[in-house]
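# Understanding the architecture of this molecule
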Amino acid sequence: MSCHEIEALRLGLMTVLGVGDDSARDHAEKELEGHLEGPIEGLANAESLAEIERHLDATLVDLEEEVAAMDSDDPEYDYTRGRLLAVRDAERAVQRLSAQGESIVDGLGDAHDTLHETFPVED
């Protein structure tokens, strides 16, 4: 068992953010071979933060169901719970990233308005 959710998220974020780390991309793609389906595939192929957020939410639902169905004596139980926690943490990080991006866009709009107020353009 591996934390395919995190590797898929890394791939999606590399695409969305334009990160060109070929070795990290190659590593993530190798980790995901044979596991690209459902939300994992959606995360890996995401092209926007909105897509990433949607697929992370679906991933969390799947992991929560997986943990709920496991016996706490299962040797994989703690690891699976750890994956769930890691994905929840990643979801919060992506939400912060989205909020920061929105703040930058809003700030640029304010700067644009201030520039026009300071230097009115006559038509």
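Named according to an unreviewed UniProt entry, the protein is DUF3209 family protein originating from Haloterrigena alkaliphila.

Two elements in contact, helix H1 (residues 4–17) and helix H2 (residues 22–32), have axes separated by 9 Å at closest approach and are oriented at 140°. With respect to their mutual orientation, H1 and H2 come out oblique. Crossing of H1 against H2: the hand is left-handed. Every residue of H2 that contacts H1 at His4, Glu7, Ala8, Arg10, Leu11, Met14 and Thr15 is listed here: Ala24, Arg25, His27, Ala28, Glu29, Glu31 and Leu32.

Glancing now at a negative patch on the surface. Among the surface-exposed residues, Asp21, Asp22, Asp26, Glu29 and Glu33 lie close enough to one another that they form a single negatively charged patch. With respect to the helices, strands and loops of the structure, Asp21 is situated in the loop between H1 and H2.

Position of Thr59 among the secondary structure elements: in helix H4 (residues 49–69). Separated by 2.8 Å, the side chain of Thr59 and the backbone oxygen of His55 make a polar contact. Leaving out residues up to four positions away in the same chain, Thr59 has contacts with Glu5, Pro39, Leu43 and Val87.

Before going further, it helps to examine helix H5 (residues 77–118). End to end, H5 covers 61 Å across 42 residues, agreeing with the expected 62 Å (1.5 Å per residue, within 8%). For H5, the secondary structure elements touched by its buried residues are H1 and H4.

Attention shifts here to the packing of H1 against H5. Relative orientation of the contacting elements H1 and H5 amounts to 15°, with a least axis distance of 10 Å. Regarding the angle of H1 to H5, the classification is roughly parallel. Considering only the axes of H1 and H5, their crossing is left-handed. Within the contact between the two elements, H1 uses Glu5, Ile6, Leu9, Leu13 and Leu17 and H5 uses Arg83, Ala86, Val87, Ala90, Val94 and Leu97. When its residues are assigned to classes, the contact of H1 with H5 shows nine nonpolar, no polar and two charged.

Let's shift gears to the side chain of Ser98. Within the element layout of this structure, Ser98 appears in helix H5. Assessed through its relative accessible area of 12%, Ser98 is described here as buried. Among all residues touching Ser98, those that are not within four sequence positions of it are Leu49 and Glu53.

Calculation notes
- Residues numbered from 1 in each chain as written.
- Predicted model: local features only at pLDDT ≥ 70, side-chain atom pairs only at ≥ 80, totals over all residues.
- Heavy atoms only, no water.
- Axes fitted to C-alpha atoms, helices over the stretch in contact; angles between N-to-C directions.
- Helix = DSSP H or I, 4+ residues; strand = E, 2+ residues; numbered from the N terminus.
- Parallel < 35°, antiparallel > 145°, perpendicular 65-115°, else oblique.
- Left-handed = near helix turned anticlockwise from the far one by under 90°.
- Contact = heavy atoms within 4.5 Å.
- Patch = residues over 30% accessible without salt bridge, like charges linked within 9 Å, V, L, I, M, F, W, Y side chains within 5 Å.
- Areas by Shrake-Rupley, 256 points an atom, 1.4 Å probe, with all protein chains shown as cover.
- Salt bridge = Lys/Arg side-chain N within 4 Å of Asp/Glu carboxyl O.
- Lys, Arg positive; Asp, Glu negative; His and termini not counted.
- Charge placed at Lys NZ, Arg CZ, Asp CG, Glu CD.
- Polar contact = N/O pair within 3.5 Å; in protein donor to acceptor, adjacent residues only side chain to side chain.
- Expected span 1.5 Å × (residues − 1).
- Nonpolar A, V, L, I, M, F, W, Y, C, P; charged D, E, K, R; others polar.
- Buried < 20%, exposed > 50% of the residue type's maximum accessible area, 1.4 Å probe, protein only.

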